[in-house]
Amino acid sequence: KIDLEVDYFREDRENILADRVLPSTIGLQAGVRANIGEARSEGIDGSVVFSDDFSNGDGWLQFRGNFTYAKNKITKIEEPDYSDTPWLSRIGQPINQTWGYIAERLFVDQAEVNNSPEQTFGEYSGGDIKYTDVNGDGKISSLDRVPIGNPTVPEMTYGLGLSAGYKNFDVSCFFQGSANSSFWINPYSTAPFVGEQQLLKAWSEDYWSETDRNIYAKWPRLSNTYVQNNNQTNTWFMQDGDFLRLKQAEIGYSLSDKMVAKLKMEKVRFYASGTNLFVMSKFKLWDPELAGNGLSYPNQRVFNLGVNLSF
C-alpha cells in the first residue's frame, strides 16, 4: 500500500566563473573574471504514495507527497582579506545569501540621531532607520553588512496531494509549499509620494510621524524624495518567504451506471473545482509567492463548475 523513495545527493562544483580581486592601481575599466570558484550542494529528495480500498471496494483513497531539502555553500572564492571582518566573507555561505544591515528600529528624534554612530548613507533624521554598528568603529558603513535572512531561493519545497472517493462521490486536493527563504520589499518601488507608484495601504496606516513617533512603524518618516538611508538592504524590509498554498481542489459526483444507461451515455460527472484557493504565510501584505514583486500581476483565484459527458 505504501511506495516510498528517498534519495541523498551531493554535488561538488569546480571552475565556477567568478570575479577576480584586483587592486584599482591596475587601471582596468572593467572587471576580470576567471574560473576560480568552488561550491558544494547536498540534500535529500523523497516521495511517498499510499493507496488503499475500503468498504468492500466502494471507497478508495490515495495520498501523494514529495519533499526536497537542498543546501549549498561556497567553498572557494577569491575575495579580500576579511580577517578583521569575518562576517563579510562569502566562503561557507549559501550561494544565494544576502548581505545587509541590521535595523534596530527607527530613530525617535533628532537628539537620538546626534548621539548615535554616524550612518554614511546621506542625510537622515528622526523617523529614519537606525542600524547596528557591527564592528564598533563609531560609524555605519559597508563594513557593517552581515548575512541576513535565509537564501532568496527556498531550501525546502514540498507538495501534498489527496484523492478519495466513495461510491459516486470523489474529492481531490493538492497543496504546495516552500520554506527557508527570505525576500525583501523594495523601498524604491513602494515609497509613498515619490514618482507615480501606488501608495500601499499598509504604509498609510502605519508610519512614523512627529505626532506619532512609533519607532517600530512599518514605514519610516514620510518624504517626497528617496531617503537613501532607508533604502539600503536591511532587516527592516526583510520578509519570511515560507508559505503553504492550497493549489487545487475538486469535488465531483458521477451518475450511477443505471442512470447513465438510461441516458444512453457511458459516463456523466458533475464537478466543482478551484485553483489558488488560499495560502498560509506569516507575510500578509500580498501573495508571498510573488516575493518582493507584490505590485506585479497577482496569482488568480479561479473557480469552475462543469460536467463531463462521455458517449
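Residue positions are given per chain, counted from 1 along the sequence in the order it is written. Residue-level local features of this predicted model are given only where pLDDT is at least 70; pairs of side-chain atoms are given and counted only at 80 or more, and the full residue set underlies all totals for whole chains, interfaces and linings. The basis for every side-chain value is the complete set of heavy atoms in the structure, and neither hydrogens nor water enter the calculation.

**Observations concerning the overall build of the protein**
Note the following rule: In this text, helices come from DSSP runs of H or I with a minimum length of four residues, and strands from runs of E with a minimum of two, each type numbered from the N-terminal end. Only C-alpha atoms enter the radius of gyration, while the globule expectation follows 2.2 Å times N to the 0.38, with N the number of residues. For every residue, the accessible area (1.4 Å probe, protein chains only) is compared with the maximum for its type, and the residue is labelled buried under 20%, exposed over 50%, or partly exposed between those bounds. Residues count as neighbours in contact if any of their non-hydrogen atoms are within 4.5 Å of one another. Here the accessible surface of atoms and residues is derived via Shrake-Rupley with a 1.4 Å probe, and residues count as covered only by protein chains that are part of the display. Asp and Glu are treated as the negative residues and Lys and Arg as the positive ones, with His and the ends of the chain left uncounted. Positions of charges follow a simple convention, taking NZ of Lys, CZ of Arg, CG of Asp or CD of Glu.
Of regular secondary structure, the protein possesses four helices and 16 strands. The C-alpha radius of gyration of the protein comes to 27 Å, more than 25% above the 19 Å expected for a compact globule of 311 residues. The C-alpha extent of the protein, read off along each of the three principal axes, is 85 × 55 × 35 Å. In the protein, which comprises 311 residues, the proportion classed as buried is 34%. Summarising the internal contacts of the protein: among those between residues at least 6 apart in sequence, 65% fall at separations of at least 24. As displayed, the protein has an accessible area near 18600 Å², and 52% of this comes from carbon and sulfur atoms. Distance between charge centroids for the protein: 7 Å, based on 30 positive and 40 negative side chains.

**Here we look at the confidence of the model for the protein**
What counts here: pLDDT runs from 0 to 100 and stands for how confident the predictor is about each residue.
For the protein, per-residue confidence averages 93 on the pLDDT scale, and 100% of positions sit at 70 or higher. Least confident of the elements in the protein is helix H4 (residues 257-262), whose mean pLDDT is 86; most confident is strand S7 (residues 129-131), at 98.

**Regarding empty space enclosed by the protein**
Rule in force here: Residues are called lining when one of their atoms sits within 4 Å of a cavity or pocket point, these points coming from a 1 Å grid over the protein atoms alone, where a cavity is a set in which a 1.4 Å probe fits but cannot get out and a pocket is an open set with protein on both sides within 12 Å along at least five of seven lines. Grid points are joined across faces, edges and corners, and a volume is the space filled by probe spheres set on the points. Each residue receives one of three labels: charged for Asp, Glu, Lys and Arg, nonpolar for Ala, Val, Leu, Ile, Met, Phe, Trp, Tyr, Cys and Pro, and polar for the others, Gly being one of them.
The full count for this structure, using the stated rule, is one cavity of 30 Å³ or more. Each pocket or cavity is described by its volume, and for the largest cavity that value is around 90 Å³. Ala 191, Trp 219, Ser 223, Thr 225 and Val 227 are, among the 13 residues lining the largest cavity, the residues nearest its centre. Here the residues of the lining of the largest cavity sort into eight nonpolar, four polar and one charged.

**Some words on a nonpolar patch on the surface**
What counts here: Note that patches include only residues with greater than 30% relative accessible area and no salt bridge, and the join distances are 9 Å for like charges and 5 Å for nonpolar side chains (Val, Leu, Ile, Met, Phe, Trp, Tyr). Any Lys or Arg side-chain nitrogen found within 4 Å of a carboxyl oxygen on Asp or Glu counts as a salt bridge.
A cluster of nonpolar residues, Ile 2, Leu 4, Val 6, Tyr 8, Ile 44 and Phe 67, forms a patch on the protein surface that exposes about 630 Å² of accessible area. If you tally residues by element for the nonpolar patch, the top one is strand S1 (residues 2-19), at four residues. By the element assignment, Tyr 8 lies in strand S1.

**Observations concerning the side chain of Ser 209**
Note the threshold: Two N or O atoms form a polar contact when they lie within 3.5 Å of each other; inside protein one atom must be a possible hydrogen donor and the other a possible acceptor, and for residues adjacent in sequence the pair counts only when both atoms belong to side chains.
Turning to its location among the elements, Ser 209 is positioned in the loop between helix H3 (201-205) and strand S13 (238-240). The class of Ser 209 is buried, set by a relative accessible area of 16%. A polar contact of 3.1 Å, which involves the side chain of Ser 209, links it to the backbone nitrogen of Asp 212.

**A few points about the environment of Pro 94**
Within the secondary structure layout, Pro 94 lies in the loop between strand S3 (59-76) and strand S4 (98-100). For the pair Pro 94 and Ala 70, spaced 24 residues apart in sequence, the C-alpha to C-alpha distance is 11 Å. Not counting residues within four places of it along the chain, the set of residues in contact with Pro 94 comprises Asn 72, Lys 73 and Pro 151.

**Some points on unusual backbone geometry**
For residues other than glycine, phi is negative in most cases, and the peptide bonds are mostly trans. The phi dihedral of Asn 15 falls on the positive side, at around 60 degrees, and the residue is not glycine. On the secondary structure map, Asn 15 appears in strand S1. The residue Ala 291 is not glycine, and still its phi comes out positive at about 55 degrees. Relative to the helices and strands, Ala 291 resides in the loop between strand S15 (267-280) and strand S16 (302-310). Overall, Ala 291 belongs to the partly exposed group, its relative accessible area being 25%.

**Here's the deal with the pattern of salt bridges**
Within the structure shown, the criterion is met by 16 salt bridges. A salt bridge links Glu 112 to Lys 130; the nearest nitrogen and oxygen atoms lie 3.2 Å apart. Of this pair, Glu 112 sits in helix H1 (residues 110-114) while Lys 130 is found in strand S7, placing the two residues 18 residues apart along the sequence. Residue Glu 112 is classed as buried on the basis of its relative accessible area, which comes to 13%. Here Arg 221 ties to Asp 128 by a salt bridge, and the two come within 2.9 Å at their closest N and O atoms.

**What to know about the layout of surface pockets**
As a volume, the largest pocket reaches approximately 370 Å³. Residue lining of the largest pocket: 23 residues in total, with Ala 18, Ile 74, Ile 77, Glu 78 and Arg 90 positioned closest to the centre. For the lining of the largest pocket, the element with the most residues is S1, which contributes five residues. Here the residues of the lining of the largest pocket are counted per class, giving 12 nonpolar, one polar and 10 charged. Lining the second largest pocket are Ile 185, Trp 203, Tyr 216, Ala 217, Lys 218, Trp 236, Phe 237, Gln 239, Lys 282, Phe 283, Lys 284 and Leu 285. Here the lining of the second largest pocket is composed, by residue class, of eight nonpolar, one polar and three charged.

**A short note on the packing of aromatic side chains**
Going by this rule: In this analysis, rings of Phe, Tyr and Trp, with Trp reduced to its six-membered ring, are considered paired at centre separations within 6.5 Å, and the interplanar angle assigns stacked below 30 degrees, edge-to-face beyond 60, and tilted for intermediate values.
Considering all chains together, one arrives at 12 aromatic pairs under this definition. Judged by centre distance (5.2 Å) and plane angle (35 degrees), the rings of Trp 203 and Trp 219 are tilted. Of the two residues, Trp 203 is situated in helix H3 and Trp 219 in the loop between H3 and S13; the sequence distance between them amounts to 16 residues. There is no split in this pair, since Trp 203 and Trp 219 are both buried.

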